[in-house]
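Results of the structural survey
Now for the letters of each chain:
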Amino acid sequence: MHDELSQAFSLEGRVAAVTGAASGIGRDTARVFALAGAQVVLSDIDAAGLAEAVAEITELGGVAEAHAADVAQRTEVDALAEAAVRSRGRLDIWVNCAGVAATMPVLEATEADIDRLVAINLKGTYWGCAAAARAMQAQGAGSIINVSSTGADSAAAGFSIYAMTKGAVNTLTRTCAKEFGAFGVRVNAIAPGWIETPLANFRFRNAAGEIDPQLREQGLRDRAKASPLGLTGVPRDVGLAMLYLASDASRFVTGQVLRPNGGASMP
Ligand SMILES: NC(=O)c1ccc[n+]([C@@H]2O[C@H](COP(=O)([O-])OP(=O)(O)OC[C@H]3O[C@@H](n4cnc5c(N)ncnc54)[C@H](O)[C@@H]3O)[C@@H](O)[C@H]2O)c1
């Protein structure tokens, strides 16, 4: 009994690439995949964070390597997929996790603000889906996971551009699931609720940019109130959802948006 279940969730023998793996959700996802037996290729623009993340996994006895790539550059995303296959012999799992947020009212946003978020959150995910599917097509199997957000479902003042890119990520996920299913590749999205990471904790910072413990405590309390469970999320809550979608446990699941959000939003 036990073995049957562990096999369904095991990533033994699989190769996974994770973008945005130097920090937050991507970093913990890479760690979860390694703990489940995958060889992991971690990618980011933050070389120091990547080196730390690889060292952490290696220390745990996992197999990990770093490959720097800016997801806004199509050639770099293609090179990442090619490097993973060259180095590890195959590519089974790809997570488009690299992302940035920005807050400003619609009346103040500039074209440069829109172009930046579209380039990273949307086009980066688009290039990632294409590069991964190209590598997975020959194998006739694979799982691609795009990182969306609660922002795609629930409007929040100030988040127009971010929400727009994440809404488009959900739409892209469904189209890719239709196109890639023909050659055995599943495509799903994960839309996390608020998770404490460097991207999300900007409201807890003081004028000097440091985390203010009081602001943080109050902020966590407020966030928890949004959840019927009274919880705030941590990267591991998302990493375990990633494991489900990456593994054979979800072989019948494609084109879906999974929402680890403590029930804060129920579209
Ligand atoms: N933290 C949250 O509350 C939350 C909620 C919903 C969705 N998300 C999404 O989760 C993903 C991960 O965010 P996080 O909270 O872990 O943030 P984070 O800032 O901790 O990690 C994001 C990583 O992406 C990398 N990155 C940024 N631009 C890049 C680029 N052009 N190319 C490659 N890498 C780049 C950063 O260097 C960083 O390491 C994002 O897509 C974000 O939109 C986060």
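Residues numbered from 1 in each chain as written. Predicted model: local features only at pLDDT ≥ 70, side-chain atom pairs only at ≥ 80, totals over all residues. Heavy atoms only, no water.

**Considerations on the domain arrangement of the protein chain**
Under the domain assignment, the protein chain is made up of domain 1 (2-195 + 233-258) and domain 2 (199-232). When each unit is reduced to the centre of its C-alpha atoms, the spacing between domain 1 and domain 2 is 25 Å. Around 690 Å² of area is buried between domain 1 and domain 2 when both sides are counted, 69% of it from carbon and sulfur atoms. On the surface where domain 1 and domain 2 come into contact, there are zero salt bridges. Along the contact surface separating domain 1 from domain 2 lie one residue pair in polar contact (both at pLDDT 80 or more). Of the residues assigned to the side of domain 1 that touches domain 2, the class counts are seven nonpolar, three polar and one charged. (Domains from an automatic or database assignment. Buried area = accessible area lost by both parts, 1.4 Å probe. Salt bridge = Lys/Arg side-chain N within 4 Å of Asp/Glu carboxyl O. Polar contact = N/O pair within 3.5 Å; in protein donor to acceptor, adjacent residues only side chain to side chain. Nonpolar A, V, L, I, M, F, W, Y, C, P; charged D, E, K, R; others polar.)

**Examining the site of the ligand**
The local shell around the ligand holds 28 residues, among which Ser 23, Ile 25, Asp 44, Tyr 162 and Thr 197 are the closest. Between the ligand and the protein, one listed contact pairs a nitrogen atom with a backbone N or O atom of Val 71 at 3.0 Å. Measuring from an oxygen atom of the ligand, one finds a backbone N or O atom of Ile 195 at 2.8 Å. When the free accessible area of the ligand is taken as 830 Å², the share hidden by the protein chains comes to 92%. Looking at the shell around the ligand, the elements that each hand over two or more residues are α2 (24-35) and α6 (160-180). Of the residues contributing to the shell around the ligand, the split by class is 17 nonpolar, eight polar and three charged. (Near = heavy atom within 4 Å. Areas by Shrake-Rupley, 256 points an atom, 1.4 Å probe, with all protein chains shown as cover. Helix = DSSP H or I, 4+ residues; strand = E, 2+ residues; numbered from the N terminus.)

**Looking at the nonpolar core**
Leu 91, Trp 94, Met 136, Ile 144, Phe 180, Val 185 and Val 187 are the most contacted members of the largest nonpolar core, which has 34 residues in total. Of all the elements in the fold, those that place two or more residues in this core are β1 (15-19), α4 (74-88), α5 (111-137), α6 and β6 (185-190). Here the element with the most residues in this core is α5; it accounts for eight residues. Excluding residues that lie within four positions of it along the chain, Val 185 makes contacts with Met 136, Ala 141, Gly 142, Ile 144 and Phe 180. The next biggest cluster of nonpolar side chains, apart from the first, holds 33 residues, and it includes Val 54, Ile 93, Ile 195 and Ala 241. (Core = buried A, V, L, I, M, F, W, Y, C linked by side-chain atoms within 4.5 Å. Buried < 20%, exposed > 50% of the residue type's maximum accessible area, 1.4 Å probe, protein only. Contact = heavy atoms within 4.5 Å.)

**Quick notes on the pattern of salt bridges**
Tallying each qualifying case throughout the model produces twelve salt bridges. Arg 236 is the salt-bridge partner of Asp 28, the closest N and O atoms lying 2.7 Å from each other. A residue pair is termed long-range when its members are at least 10 positions apart, and Asp 28 in helix α2 and Arg 236 in helix α8 (residues 235-246) qualify at 208 residues. Residue classification places Asp 28 among the buried positions, given a relative accessible area of 12%. Relative accessible area serves as the criterion here: at 30%, Arg 236 is assigned to the partly exposed category. Ionic contacts of the salt-bridge type, sharing partners, join the residues Arg 27, Arg 31, Glu 52 and Glu 56 into one network.

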